[in-house]
Amino acid sequence: MAEAVPVRCPACLRENGYTAPVFPCACGSPVHPPLDLSAPPVPLTHRTWSDTWVTVRCTACGRESEWPHPELGCGSCGTVVLIPVHPLEGTGSPAGPTGSSATGSSAVGSSPVGARTDPDGAGPGPAGGPASGPVGGPVSGITGGAGGAAEGRPAHIPPPPAPPVPRPAFRPVTIRTARDAVATAALYLRWLGFRDVRQPDGRPIPAATVDLRAPGLVAQVDPTTAPAGLRAVECVWLNGLTASATSVYFALAGYTEDARARADDLGIPLFVMDLTGMPQPVNDPADALVGPDA
């Protein structure tokens, strides 16, 4: 296990001990984010997707994977800070459309003398002669132009839409404390597509249930060891009804039978979380919220 390092809180200047988490690479080797202790920690006032994950390279196999960004809550004032991480070495910016456009420009510039470019984008043709067939004639013989002609269709017809990109697998975070349970629920809601998931009051996480809010969402997380009851389900339903938002409930210890029955009647998605940090739907509304891509 990595050694604890001191991290000074930028708000109250108290030093807190922090141990970098260790994650399992696909090859089986342990990986951990390389902390940059020379840079000051950054207070986390608004959580975004880019702040949540960091790319780490495995020293054994060279595989690059995304893992939770190291962060620490100050034990004195409660401020949450992001701990800087060294960027990956030897990574250049991928080739973008700039290179392809430059190649296309040189190709146009090297056209033979006497060739002309059709203003309609049909491509170069011999000087003084038509570059394409007559209007209304067959278009299968067109070989010039941009994109569409190269694929055997007219340039003015756009290509078919690309298939939707499948949603990546959810990366669970091990639950050790109540704060971990709330963080896991927030990450899972972001994975489902909800934006700007956060606690509405910003107070320290208590031992009882914790509210999470996002545009169009009211969620409640129960990190206790007792099953969530009927009253808890009805409360989150009323909160969602007041906010005209979807109500979602997460629990570590599951639900009572009357709570599950009431949630089915009200259409409230129920999720149960185990200590590995993987939420599981427990009723039909939860399955519908997750969708078939999970």
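Placed above this text is the structure.
A brief look at the structure comes next.

About the thresholds
- Residues numbered from 1 in each chain as written.
- Predicted model: local features only at pLDDT ≥ 70, side-chain atom pairs only at ≥ 80, totals over all residues.
- Heavy atoms only, no water.
- Helix = DSSP H or I, 4+ residues; strand = E, 2+ residues; numbered from the N terminus.
- Buried < 20%, exposed > 50% of the residue type's maximum accessible area, 1.4 Å probe, protein only.
- Contact = heavy atoms within 4.5 Å.
- Areas by Shrake-Rupley, 256 points an atom, 1.4 Å probe, with all protein chains shown as cover.
- Pairing = 2+ DSSP bridges.
- 1 Å grid on protein atoms, 1.4 Å probe; cavity = no way out; pocket = protein on both sides within 12 Å on 5 of 7 lines; lining within 4 Å.
- Points joined across faces, edges and corners; volume = space filled by probe spheres on them.
- Nonpolar A, V, L, I, M, F, W, Y, C, P; charged D, E, K, R; others polar.
- Core = buried A, V, L, I, M, F, W, Y, C linked by side-chain atoms within 4.5 Å.

**Brief notes about the overall build of the protein**
Here's step 1: Along its length, the protein carries six helices and 16 strands.
Here's step 2: Taken across its 294 residues, the protein has 32% of its residues classed as buried.
Here's step 3: Of all intrachain contacts in the protein linking residues separated by at least 6 positions in sequence, the fraction that spans at least 24 positions is 46%.
Here's step 4: Carbon and sulfur atoms make up 57% of the accessible area of the protein, which totals about 17,500 Å².

**Notes on the pairing of strand 2 (residues 15–19)**
Here's step 1: Along strand 2, the buried face is formed by Asn16 and Tyr18; none of Glu15, Gly17 and Thr19, which line the opposite face, is buried.
Here's step 2: Relative to strand 2, strand 1 (residues 4–8) runs antiparallel, the two sharing five bridges. Bridging across to strand 2, valine 7 finds its partner in asparagine 16.
Here's step 3: Here strand 1 folds back onto strand 2 in antiparallel fashion, the turn holding six residues, of which leucine 13 has a positive phi close to 65°.

**Remarks on the layout of surface pockets**
Here's step 1: There is about 1,800 Å³ of room inside the largest pocket.
Here's step 2: What lines the largest pocket is a set of 50 residues, and nearest its centre among them are Arg47, Glu71, Val80, Arg179 and Ala183.
Here's step 3: Broken down by secondary-structure element, the contributors of at least two residues to the lining of the largest pocket are strand 2, strand 3 (23–24), strand 7 (64–68), strand 8 (71–73) and helix 3 (178–192).
Here's step 4: When residues of the lining of the largest pocket are assigned to their parent elements, the largest contribution, eight residues, is made by helix 3.
Here's step 5: When the residues that make up the lining of the largest pocket are grouped by side-chain class, the tally is 27 nonpolar, 14 polar and nine charged.

**Considerations on the nonpolar core**
Here's step 1: In terms of nonpolar packing, the biggest core is built from 26 residues, with Tyr188, Leu189, Leu212 and Phe250 touching the most fellow members.
Here's step 2: The dominant element in this core, judged by the number of residues it contributes, is helix 3, at nine residues.
Here's step 3: With sequence-adjacent residues up to four places away left out, leucine 189 is seen in contact with Phe194, Val197, Leu212, Leu217, Ala219 and Phe250.
Here's step 4: Formed by 13 residues, the second largest nonpolar core is a distinct cluster that contains Val233, Ala245, Ala251 and Ala259.

That is the geometry; function is a separate question.
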